[in-house]
Amino acid sequence: MDAGYGRGEALARLTSFFRNVPVMLHAIDAAGRLLTVNACWLETLGYAEQEVVGRNFADFLSPESREPFRETLADMVARERRMERAYRMVARDGRVVDVVVSGVGEYDASGRFVRFLAVVTDVTEKRRGQAALAASEALFRMAFEGANEGLCVVDVSGRFLRVNEALCDFFGLDRERLLTMGINDLAHPDDRGVSPRYITLALSGRREHFRFEKRYIHATGRQIWGRVSARLVRDAEGRPDYFIAHVLDVTDSRRAAEERALHTRTLEALLRLGRMREGSLQALGAAALSMAVSLTGSRAGLCAVYDSKHRGLELLAADPAALAAFGLPPDIASFHQSCVGIDSDDWDALVPVVCNMAAGEGECLPGQIPTRRHVVVPVADGEASRLLLAVIDKTEPYAETDVGRLRLLGEGVLAHLKNHGRERDLERARSQAEAANKAKSGFLANMSHEIRTPLSGIIGLTQMTLGMAPRPEVRENLEMILDSSRSLLGIVNDILDFSKIEAGKMEFSPVDFDLRETLDRTMKPFHFSARQKGLKLSLRIDPHLPETLHGDPDRLMQVVRNLVGNALKFTDKGEVAVSVRLDRGGDPMRVACSVRDTGIGIPLERMPALFQVFSQLEQSRSKLYGGTGLGLAISRRLVEMMGGTIGVESTPGKGSVFAFTVSLRPAQEVRREPVQRDTGEGTGSFTGLRVLLAEDNQVNRLFLRHFLVEAGCEVCIAGSGGEALALLGETAVDVVLMDIQMPEMDGVEATRRIRAGEVGEAALRLPIVALTAYSMKGDRERFLSVGLDDYVSKPVDVDELFTVMRRVLARSAGGRRCAEDAPRALMDMGYYEQRGKREFAREISRLFLEESPAVAALLRTSLERGDWKAVADQAHTLLGMAVPLRARGLADDARRLQEAALAGNAAASREAAGAVLALLDEVQRAIRELLAGQPNESCTP
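Here the structure is a predicted model, which means the values were calculated and not measured.

## Section: the overall build of the protein chain
Right, on to step 1. Helix and strand counts for the protein chain stand at 26 helices and 30 strands.
Right, on to step 2. Across the 941 residues of the protein chain, 45% fall into the buried class.
Right, on to step 3. Pairs at least 24 apart in sequence give 60% of the contacts found in the protein chain among residues at least 6 apart.
Right, on to step 4. Accessible surface computed for the protein chain: about 47700 Å², of which carbon and sulfur atoms make up 52%.

Dropping the structure here:
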C-alpha cells in the first residue's frame, strides 16, 4: 500500500511537470492525432485544449508543412526512433509560427509503436533575424560594389582585404592586383607617413575614426588626390579587427583650388606690378621676372626690352642659369633677337614659342640643352614697345596657361612704359580739373551769397511791413510777395543742395539731438497748412527709440520736410500720417520713417522716374501743384549718404506711402539733465539785450534791426568789419550778429581779430553769431574755426535767429539770462497781432474753447479706465490744438503725457495728466477773458 501511494505521487508530479513546464510539449499516435498537449503549447498557439486533443497534428500546420509531416510520421512509425524536423504552424489568430519539432518514439515490449513524444521549439524570431541578416549582407554587398566612391576593408597592417570597383578605377588597377597590395604601396612618396600615423592613433584607442587627404600615384604615373574617411572595427572581445575606409577622388577639386590660388597669385602679382610707378625700368623688369619664375614653377628666366634705336634687346633682369641655357655670356647687357630664335623683322606676327609642351619635344634654341624645358614669350605693343620674357626648367611640361601668365606680366611692364608718358598728360589734366572744380565751388558759393542776400531783404522787409497792420489789399499783396519769395528760396535751396551733392560738397554735421523735439519743431509749420486744407496731420514716434540720437538733424529733417510738404501738397482730403520707429537696434541703429497720405496717388508708369532729377508727377503745361522736381532726388541722395534707402508704395486715387531708413548712432554723451525746449519764441524775450549788428546790406539792416528792437534789444549798427571793431572798442554789447561778406574787412577777419584781443579782454568770450549766405561744405568748419559761436543762414528766419541767440547766450558765462528764465506765458497772441491776424487768432481761440472740453472729458474717462492708448490719442489731439494757439506750456505738457501713455507708464501718465488738465483750465479761462475784451496777464500782448 505504501509502495502504491509512492507511485501515484510520482505520476502526479510527472503529470504536473508535463503540463506546466515552460516549453511546448505534445504526444501523438501513429495516425498523427494529438493525444495530449501542455499549457505552454496551448498558450503559444492560442487554442483551448478541447479544440486540440483528438485532432490531427497536421491540422495545425501550414499547407506547405503538412505533407512533409506525414512522410516523417510514417518513417517514424516504421523505423526511426528519434526525429527533429522544422515546420510552420498556424496559430488560432492566423499567425504563422516557425517551429522545430524534436522527439522520440515510444514502443511496447514487442516493438510495436505506441506514441510519439515531442518538444516543440518556437524559432520564429530566430528565423526572422537570420533573414534580416541575409538581406543586410546582400544590401551591403550591393551598396559596397555599386558605390560611386571607393570603398575598402583593410587589415590592421594596412593590407587590402576587400575593395570595390570604384576604388579599382581610382587607382587604375584590377581587383586581383589591388588585393595583393597595401595602402602605402600606392601613396605619393611625400605622403607615405600619413596613413601609418593615423593607423597607430586608432590602434592605441586615441582616435578610431579619422579623415585626411593625401596624394597617391595612379597606375599611369600621374598624381591623384584622395579624401580618406576610415573607422576601426573591433571584434567581440574588443580587439582591433579591421578598418572600413571610404576614398573620395578630390583630384579635380584640388587642381581647381590650386588653379584658383595660382590665379589669385597672378592677379596679386599684376596689382603689385601696377603699383610700381616710381621704380626704375630695371627694378620693374626684375620684379616681373621674379613673378614669372614663381607663377610658372620655373627655376630661372630672363626679361629684356626692345631697343628701337639699336634694333636689339636690352637685358633688364636675368638668372645665370637662363643665360647659360640660351647660350648668352653672364656679363651681357644687350643682344639681338636672333640669339634666342626670334626674327626682329617679323615681331608683330610672331607666335609665342612654347617648347616641350604636353608630350611634344619642342623647339631647341641655340645654345640650349635639347631635353631642357623652356618657354619664350615675346610681347609687342606698337613698334617701340616690345618685350621678351623667357623661363626654364619647370618640373612638368609648360602649358598654355603659363604662356598666358607670362604675356600678362609682359603687358604689365609695357603698360608702365607707356604710362610714363601718360602720367604727364594726366597730371596736366588733373590740374585743369581741380581748377575747374575750384571755380565751380567758388561759383556755387558766390551764387548762394548773391541770391540769398537780396532774398533775405525781400522776406525780412515783407515780414516787417506785414507787422505794421497794412490795409487788407496791401496785406494780400505782401503775403503773395512773401509766399513767392519763400517759393523762390525753396527753388534756390534745391538747386544749391543738388549742386553741392553733385560736387561732393554736401555737408553733414553729426551732433547729439533730441529726435522728438526736432520732429515737433519740424512739424509745427505744417499743422497750420493742414488745418487750412481741412486735413488731419499726425505724428507717431516709437517709444522704443532713444530720446537722444547722434546724427545730422538738419539733413534728416530736410528729408522729412520734403516728404511731408509733398504729401500735404498732393492731398485734398483725409490725412497725412508721419511715423518714426526703431527698425534695428545697435550701434549704428537703423531708424525708419514713413509718410502716409490719402492724396491723388502716383500712376504706375511714373514710379520708376519718381526719384530722378527734375522728375515731376505732372508733365502737362497746366500744372496744379508746381515744384522743381528736385526734392525727391535730393531726398534720395541725402538718405543714401546717411546709410539708408528710400522707396514708395502708391495706389492712384487712394494715396501714397513714402518710407525711408537712415543709420544713426546713440548719443555720444550721457545727458545729465532733460533738455529744455525753447519757449521764448517771438518778441519780448530780449528786453535790454545789447546787440551789435554788423551788416553791409541796407535792406537786411533795416528789417533785422526792426525785429531786434521789437524783441526789446538795444541795437547798434556797423557796415563793415572795421566799423564793428571800432564800435566794440567803445561800446559794451552782449552779442554780435556778424555778416560774413562785408567790404574792407569781412566777418571772418573781424572775428579773428576780436578773438585775438584787439578790442580788449572783455570781448574775447563775446558771443558772435555769423549771418551768412554761404552754405557749401567746409563753410561751417571755417566759420567756427576762427571763433564764431554759431551761424544763421540767409535768408534770415527771425525765429531761428532768436533761437540761436538764446543758445549762444546760454553757453556764454557772461551772457544775460533770456526767455528760458522768464515766466512762461499761457498763450502768445502777440505773434498774430504783429502779423495783422487778430481775427484769425480770435477764431482759433473760439474753436479751442468749443472743442477742448470734449477732449478733456474723454481724457478723464480714459484715465479712469486705464486705457493708455486712448490717453495718448487725447494728449496728441490737445497737442495739435495747442500749437496753433501758441500755448507752449500746454503743448509741452501734452507731449509729455503722450510719451508717458505710449510707454505704458501709469504713474507718469497720471501725474502728467493732472498738469495738463490744470493748465487747460487756465488756458480756457484766459481765452474767455480775451474774447470778452479783458486780456489775461498770462497772454503775451
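What follows picks up the thread again.
## A look at empty space enclosed by the protein
Unfilled space is identified by rolling a water-sized probe across the atoms.
Right, on to step 1. Going through the model one piece at a time under the given rule, you end up with three cavities of 30 Å³ or more.
Right, on to step 2. If you add up the space inside the largest cavity, you get close to 190 Å³.
Right, on to step 3. In terms of lining residues, the largest cavity is bounded by 17 residues, among which V154, I183, S195, V228 and A245 are the most central.
Right, on to step 4. Breaking the lining of the largest cavity down by element, the ones donating at least two residues are β6 (150–155), α6 (165–171), α8 (194–203), β8 (209–217), β9 (223–234) and β10 (240–249).
Right, on to step 5. Of the residues that constitute the lining of the largest cavity, the class distribution is 16 nonpolar, one polar and no charged.

## Quick look at the pattern of salt bridges
When the charged atoms of two side chains with opposite charge come close together, those side chains can pair.
Right, on to step 1. All chains considered together, the criterion is met by 34 salt bridges.
Right, on to step 2. A salt bridge links D393 to R299; the nearest nitrogen and oxygen atoms lie 2.7 Å apart. Here R299 lies in the loop between α10 (281–296) and β11 (300–307) and D393 lies in the loop between β16 (386–392) and α12 (400–466), a separation of 94 residues in the sequence.
Right, on to step 3. For E749, the salt bridge is made with R753, and the minimal N-O distance between the two is 3.0 Å. Remark: R753 and E749 occur in helix α19 (residues 747–755); sequence separation between them is four residues, near one turn of the helix.
Right, on to step 4. Connected via shared salt-bridge partners are E64, R88 and D98.

## Describing the nonpolar core
Right, on to step 1. Residues L515, V564 and F660 are the most contacted members of the largest nonpolar core, which totals 42 residues.
Right, on to step 2. Of all elements in the fold, only α14 (515–532), β18 (536–541), α15 (553–569), β20 (575–584), β21 (589–597), α16 (631–641), β22 (646–651) and β23 (655–666) reach the threshold of two or more residues within this core.
Right, on to step 3. Considering each element in turn, this core owes the most residues, eight residues, to α15.
Right, on to step 4. Apart from the residues within four sequence positions on either side, F660 is in contact with L556, V559, V560, L563, V591, A592, C593, V639, T645 and I646.
Right, on to step 5. The next biggest cluster of nonpolar side chains, apart from the first, holds 36 residues, and it includes L885, A887, A913 and V916.

## Quick word on the packing of α14 against α15
Right, on to step 1. One way to put it is that α14 packs onto α15 with a least axis distance of 10 Å and a crossing angle of 25°. It follows from the interaxial angle that α14 and α15 lie roughly parallel. In the packing of α14 onto α15, the handedness of the crossing is right-handed. Along the contact surface, α14 presents L515, T518, L519, T522, M523, F526, S529 and A530, while α15 presents P553, L556, M557, V560, R561, V564, G565 and L568.
Right, on to step 2. Of the residues that constitute the contact of α14 with α15, the class distribution is eleven nonpolar, four polar and one charged.

## What about the pairing of strand β28 (residues 790–793)?
For a regular strand, side-chain orientation follows a simple rule: the groups alternate between the two sheet faces.
Right, on to step 1. Of the two faces of β28, the one holding D790 and V792 is buried and the one holding Y791 and S793 is not buried anywhere.
Right, on to step 2. With four bridges joining them, strand β27 (residues 768–772) and β28 adopt parallel strand pairing. Directly across from V769, in β28, lies its bridge partner D790.

## Section: the sheet that holds strand β2 (residues 34–37)
Right, on to step 1. The antiparallel open sheet is built from five strands, whose spatial order is β2-β1-β5-β4-β3. Where the open sheet ends on each side, the last strands, each with one partner, are β2 and β3 (82–90). Put simply, the sheet's adjacent strands are angled 25° from each other on average, direction ignored.
Right, on to step 2. Note: strand β4 (residues 96–107) against strand β5 (residues 113–122), nine bridges, orientation antiparallel. In the sheet register, G103 faces β5, and the bridge partner there is A118.
Right, on to step 3. Running over the sheet, helix α4 (residues 63–78) touches β1 (24–28), β3, β4 and β5 and is turned about 155° from β3.

## Re the pairing of strand β25 (residues 714–718)
Right, on to step 1. Across five bridges, strand β24 (residues 690–694) lies against β25 in parallel orientation. Looking at β25, one finds that V691 is bridged to V715.
Right, on to step 2. Once you follow β24 into helix α17 (residues 698–710) and on to β25, the crossover reads as right-handed.

## Quick notes on the side chain of T72
Right, on to step 1. Here T72 lies in helix α4.
Right, on to step 2. Relative accessible area serves as the criterion here: at 9%, T72 is assigned to the buried category.
Right, on to step 3. In this structure, T72 is in contact with M83, R85 and Y87, ignoring residues within four places of it in sequence.

## Brief notes about the environment of D893
Right, on to step 1. Checked against the element boundaries, D893 lands in helix α25 (residues 888–902).
Right, on to step 2. Expressed as a C-alpha distance, the spacing of D893 and L879, which sit 14 residues apart in the sequence, is 8.5 Å.

## Concerning α14
Right, on to step 1. Taking 1.5 Å as the rise per residue, α14 with 18 residues should run 26 Å; its terminal C-alpha atoms sit 27 Å apart, in good agreement.
Right, on to step 2. Three or more residues of α14 are buried, namely L515, R516, E517, T518, L519, D520, T522, M523, F526, H527 and A530.
Right, on to step 3. Tucked inside the fold, the buried residues of α14 contact β17 (511–514), β18, β19 (548–551), α15, β20 and α25.

## Quick look at the packing of α25 against helix α26 (residues 906–931)
Right, on to step 1. Where α25 contacts α26, the axes come no closer than 9 Å and their chain directions differ by 155°. Between α25 and α26, the angle is such that the two are roughly antiparallel. At the point where α25 passes α26, the crossing takes the left-handed sense. Where α25 abuts α26, its residues G889, L890, D893, A894, R896, L897, A900 and A901 lie against A908, S909, A912, A913, A915, V916, L919, L920 and V923.
Right, on to step 2. When grouped by side-chain class, the residues that make up the contact of α25 with α26 number 13 nonpolar, two polar and two charged.

## Some words on helix α24 (residues 868–885)
Right, on to step 1. Across its 18 residues, α24 extends 26 Å between first and last C-alpha, which sits within 8% of the 26 Å expected from 1.5 Å per residue.
Right, on to step 2. The buried fraction of α24 is high, at 15 of 18 residues.
Right, on to step 3. Immediately beyond the C-terminal end of α24, within one or two residues, lies R886, with a positive phi of roughly 60°.

## Thoughts on unusual backbone geometry
Right, on to step 1. One non-glycine residue, D393, adopts positive backbone phi at about 60°.
Right, on to step 2. Phi is positive for E744, which is not a glycine, with a value near 65°.
Right, on to step 3. For E744, the location among the structural elements is in the loop between β26 (735–739) and α19.
Right, on to step 4. Residue E744 is classed as exposed on the basis of its relative accessible area of 81%.

## Considerations on the sheet that holds strand β7 (residues 160–163)
Right, on to step 1. Strand order in the open sheet formed by five strands is β7-β6-β10-β9-β8, and the pairing between neighbours is antiparallel. Looking at the sheet topology across the chains shown, the edges are occupied by β7 and β8. This sheet shows a mean twist of 25° between the axes of neighbouring strands, independent of strand direction.
Right, on to step 2. Across three bridges, the pairing between β6 and β7 is antiparallel. Bridge pairing in β7 links V154 to F160.
Right, on to step 3. With respect to the sheet, α8 is in contact with β8, β9 and β10, its orientation differing from that of β8 by roughly 160°.

## Describing the side chain of T296
Right, on to step 1. Take T296: it is sitting in helix α10.
Right, on to step 2. Assessed through its relative accessible area of 2%, T296 is described here as buried.
Right, on to step 3. Non-local contacts of T296, meaning those with residues more than four positions away in its chain, are made with V391, K394, Y398, D402 and L406.

## Comments concerning the packing of aromatic side chains
Right, on to step 1. Across all of its chains, the model carries twelve aromatic pairs by this definition.
Right, on to step 2. For the pair F69 and Y87, a centre-to-centre distance of 6.1 Å together with 80° between the ring planes defines the contact as edge-to-face. Taken as a pair, F69 in helix α4 and Y87 in strand β3 lie far apart in primary sequence, 18 residues in all.
Right, on to step 3. Relative to F210, the ring of Y198 lies with its centre 5.3 Å away and its plane at 25°, an arrangement referred to as stacked. Of this pair, Y198 sits in helix α8 while F210 sits in strand β8, placing them twelve residues apart in sequence. One exposure class covers both Y198 and F210, and it is buried.
Right, on to step 4. Each member of the aromatic cluster is reached from another via a ring pair, and the members are Y198, F210, F212 and F243.
Right, on to step 5. Here the basic side chain of R254 rests over the ring of W225, its NZ or CZ set 3.8 Å away from the ring centre.

How each quantity is defined
- Residues numbered from 1 in each chain as written.
- Predicted model: local features only at pLDDT ≥ 70, side-chain atom pairs only at ≥ 80, totals over all residues.
- Heavy atoms only, no water.
- Helix = DSSP H or I, 4+ residues; strand = E, 2+ residues; numbered from the N terminus.
- Buried < 20%, exposed > 50% of the residue type's maximum accessible area, 1.4 Å probe, protein only.
- Contact = heavy atoms within 4.5 Å.
- Areas by Shrake-Rupley, 256 points an atom, 1.4 Å probe, with all protein chains shown as cover.
- 1 Å grid on protein atoms, 1.4 Å probe; cavity = no way out; pocket = protein on both sides within 12 Å on 5 of 7 lines; lining within 4 Å.
- Points joined across faces, edges and corners; volume = space filled by probe spheres on them.
- Nonpolar A, V, L, I, M, F, W, Y, C, P; charged D, E, K, R; others polar.
- Salt bridge = Lys/Arg side-chain N within 4 Å of Asp/Glu carboxyl O.
- Core = buried A, V, L, I, M, F, W, Y, C linked by side-chain atoms within 4.5 Å.
- Axes fitted to C-alpha atoms, helices over the stretch in contact; angles between N-to-C directions.
- Parallel < 35°, antiparallel > 145°, perpendicular 65-115°, else oblique.
- Left-handed = near helix turned anticlockwise from the far one by under 90°.
- Pairing = 2+ DSSP bridges.
- Right-handed = clockwise from strand over helix to strand, strands pointing away.
- Expected span 1.5 Å × (residues − 1).
- Phe/Tyr/Trp six-rings, centres within 6.5 Å; stacked < 30°, edge-to-face > 60°.
- Lys NZ or Arg CZ within 6 Å of the ring centre and 35° of its normal.

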